[in-house]
Amino acid sequence: CRERFEKYNLPIPEENCFVGFDAYKKLMAIKDIDVVILATPPKFRPEHFKEAILQKKHVFMEKPVAVDPVGIRSVIATAKKAESLGLNVVTGTQRRHQEDYIETYKQVAGGAIGQIVSAKAYWNQNHVWFRTREEGWDDMTYLIRNWNNFCWLCGDHILDTHIHNIDVVNWFVGRHPESAIGYGGRARRLTGDQYDFFSIDFDYGNGVSSHSMCRQIDNCANGTGEIVNGTEGYTNCQNTIWNLDGTVKWEFEYPKDKSGKPMNQVKIPPYVQEHMHLVHAIRTGEYVNYAEVTAASNLTAIMGRTAAYTGKKITWDEIFKSEMELGPKKIEFGPVEMEFPVPVPGTQHNG
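Just so it is clear, the structure is predicted and the values come from calculations on it, not from any experiment.

(A) Layout of the environment of L85. Here L85 lies in helix α4 (residues 69-85). Spatially, the C-alpha atom of L85 lies 7.7 Å from that of K56, the residues being 29 residues apart in sequence.

(B) Broad picture of the sheet that holds strand β3 (residues 89-91). Pairing is parallel in the open sheet, where 3 strands are placed in the order β1-β2-β3. Only two strands of the sheet have a single partner each, and these edge strands are β1 (35-38) and β3. Recorded for the sheet is a direction-independent mean angle of 15 degrees between the axes of neighbouring strands.

(C) Spatial organisation of the environment of A82. With respect to the helices and strands, A82 occurs in helix α4. Residues A82 and G225, spaced 143 residues apart in sequence, show a C-alpha to C-alpha distance of 32 Å. For A82, the contacting residues outside a window of four places in its chain are I53, L87, V89, Y287 and N289.

(D) Just unusual backbone geometry, in detail. A cis geometry characterises the amide bond from K63 onward to P64, with omega recorded as -15 degrees. You can see P64 is positioned in the loop between β2 (58-61) and α4. At K56, a position not held by glycine, the phi torsion is positive, near 60 degrees. Mapped onto the fold, K56 is located in the loop between α3 (45-54) and β2. A positive phi is found at N219, a non-glycine position, where the angle reads about 65 degrees. You can see N219 is positioned in the loop between β7 (208-216) and β8 (223-230). Looking at N219, the relative accessible area reads 76%, which means it is exposed.

(E) Quick peek at helix α10 (residues 270-284). Here α10 spans 20 Å end to end across 15 residues, near enough to the 21 Å set by a 1.5 Å rise per residue. Along α10, the positions that sit buried rather than exposed are P270, Q273, E274, L278 and A281. Taken around the axis of α10, the buried residues stretch over an arc of 145 degrees, which confines them to a single face. Projecting away from the buried face of α10 at angles above 90 degrees are the exposed residues Y271 and R283. Considering only its buried residues, α10 is in contact with β1, β2 and β3.

(F) Quick peek at the state of the cysteines. A full pass over the atoms with the stated rule returns 0 disulfides. Cysteine C214 is unpaired, with the sulfur of C154 as its nearest cysteine sulfur at 11 Å. Cysteine C220 shares no disulfide, and the gap to the nearest cysteine sulfur, in C214, comes to 13 Å.

(G) Layout of the packing of α3 against α4. Running from N to C, α3 and α4 cross one another at 15 degrees; their axes reach a closest spacing of 9 Å. One way to sum up the angle between α3 and α4 is to call them roughly parallel. Considering the relative orientation of α3 and α4, their crossing is left-handed. Each of P46, F49, K50 and I53 in α3 lies in contact with α4, whose residues at this interface are G71, S74, V75, T78, A79, K81, A82 and L85. Among the residues forming the contact of α3 with α4, the class breakdown is 7 nonpolar, 3 polar and 2 charged.

(H) Region of the structure containing the nonpolar core. Formed by 70 residues in total, the largest nonpolar core has its most connected members in F49, V59, M61, I72 and F198. The dominant element in this core, judged by the number of residues it contributes, is helix α11 (residues 291-310), at 9 residues. Excluding its chain neighbours within four sequence positions, the residues that come into contact with F49 are L38, V59, M61, V75, T78, A79, V89 and A291. Core analysis: the second largest hydrophobic core is formed by 5 residues, F60, V90, L278 and A281 among them.

(I) Highlighting the sheet that holds strand β9 (residues 233-235). Read from one edge to the other, the open sheet built from 9 strands follows the order β11-β10-β9-β8-β4-β7-β6-β5-β12, with strand pairing classed as mixed. Every other strand in the sheet has two partners, leaving β11 (248-251) and β12 (314-315) as the edge strands with one partner each. In terms of strand pairing, strand β4 (residues 116-125) meets β7 through 8 bridges, oriented parallel. Pairing of K120 across the sheet is with H211, part of β7. The strands touched by α11 are β5 (179-185), β6 (197-205) and β12; relative to β5, the strand with the most contacts, the crossing angle is about 55 degrees.

(J) Broad picture of the environment of N149. In this structure, N149 sits in the loop between α6 (139-145) and α7 (151-154). Sequence-wise, N149 and L190 are 41 residues apart; in three dimensions their C-alpha atoms are separated by 9.7 Å.

(K) Broad picture of a nonpolar patch on the surface. On the surface, I268, V272 and M276 cluster together into a nonpolar patch covering about 210 Å² of accessible area. By the element assignment, M276 lies in helix α10.

(L) Fine view of the packing of aromatic side chains. All chains considered together, the criterion is met by 13 aromatic pairs. Between F21 and F44, the aromatic rings sit 6.0 Å apart at their centres with planes inclined by 45 degrees, giving tilted as the arrangement. With F21 in the loop between α1 (2-7) and α2 (23-28) and F44 in the loop between β1 and α3, this pair connects stretches of sequence that are 23 residues apart. The class for F21 is partly exposed, based on a relative accessible area of 27%. On the basis of relative accessible area, F44 is assigned to the buried category, the value being 13%. With a centroid separation of 5.4 Å and 40 degrees between ring planes, the pair formed by Y195 and F198 is classed as tilted. By relative accessible area, Y195 is classed as buried at 1%. For F198, a relative accessible area of 2% gives the class buried. Here the basic side chain of R131 rests over the ring of W129, its NZ or CZ set 4.7 Å away from the ring centre.

So, how was this worked out
- Residues numbered from 1 in each chain as written.
- Predicted model: local features only at pLDDT ≥ 70, side-chain atom pairs only at ≥ 80, totals over all residues.
- Heavy atoms only, no water.
- Helix = DSSP H or I, 4+ residues; strand = E, 2+ residues; numbered from the N terminus.
- Pairing = 2+ DSSP bridges.
- Axes fitted to C-alpha atoms, helices over the stretch in contact; angles between N-to-C directions.
- Contact = heavy atoms within 4.5 Å.
- Buried < 20%, exposed > 50% of the residue type's maximum accessible area, 1.4 Å probe, protein only.
- Expected span 1.5 Å × (residues − 1).
- Arc of directions from axis to C-beta.
- Disulfide = S-S within 2.5 Å.
- Parallel < 35°, antiparallel > 145°, perpendicular 65-115°, else oblique.
- Left-handed = near helix turned anticlockwise from the far one by under 90°.
- Nonpolar A, V, L, I, M, F, W, Y, C, P; charged D, E, K, R; others polar.
- Core = buried A, V, L, I, M, F, W, Y, C linked by side-chain atoms within 4.5 Å.
- Patch = residues over 30% accessible without salt bridge, like charges linked within 9 Å, V, L, I, M, F, W, Y side chains within 5 Å.
- Areas by Shrake-Rupley, 256 points an atom, 1.4 Å probe, with all protein chains shown as cover.
- Salt bridge = Lys/Arg side-chain N within 4 Å of Asp/Glu carboxyl O.
- Phe/Tyr/Trp six-rings, centres within 6.5 Å; stacked < 30°, edge-to-face > 60°.
- Lys NZ or Arg CZ within 6 Å of the ring centre and 35° of its normal.

Written out as structure tokens, the structure reads:
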């Protein structure tokens, strides 16, 4: 990171460079810092968020914001503290900052598809990165450098990536689901303790459900997106609303290139826009705080993960109150006294 800053002639003073699991406290104690970006492995997000608000910093917080219910409750409590202090919080659920999604949501909220009756969300892709252990790495070093493959650090890919789609469905439906039941498994993965795929039915009550699926296996059909169905039409949530007969009812109008051809993408990428929204909120006083709503979508994903890992029906009340807390009791470099069995549904209550 330091090399990247120096590349753009933004040198970081030596006294502002910190190493270790307590480095975040030293960094956030610097009074001249107004905003912090939390983008370490998600396990550490709740404690880092708490410290940032304690030190009165505005926050950009990547998703997921926690890997377990204990962490989720911490994030919600800190979110309320941030609100009381007027500290702005934007999270990495960038679709909520993406112009085409926002305009489509407004249409749906205005009744364009009638009453919502069902939805589906999907994030299917190839297997992602992993690192083999190198000579000289202790247990914790290996786990941290390979964080994307261990549930206690990243929450499994239903949290790490599929949370985007789950969040969109929660946003459009207007609430979190009441329960989840589903399954998953591990067919091709060689590292870590996670599943290759999940297939979850989220029950939102009143007859509304969403099929939520995600997969990370090479050489399969891939795709990412959301569909929300209503009594008078359906939408892909991003840019188009159709009538029930398949004809287009409404389309988002994208900016045009110099030749007048639609560019099929928003003018400002959502990865940029989410940071612009945070800066705008700080400068204008138009307060924003996405922490609690993102925590709800995050807990939705944890509920789905737990349903798949255990084979049980998991309710919102049950998962919200759960004392599940993943990871070693003490976070320090050196040996880690943990086992990493792949969950087997129907045999144990695994988080």
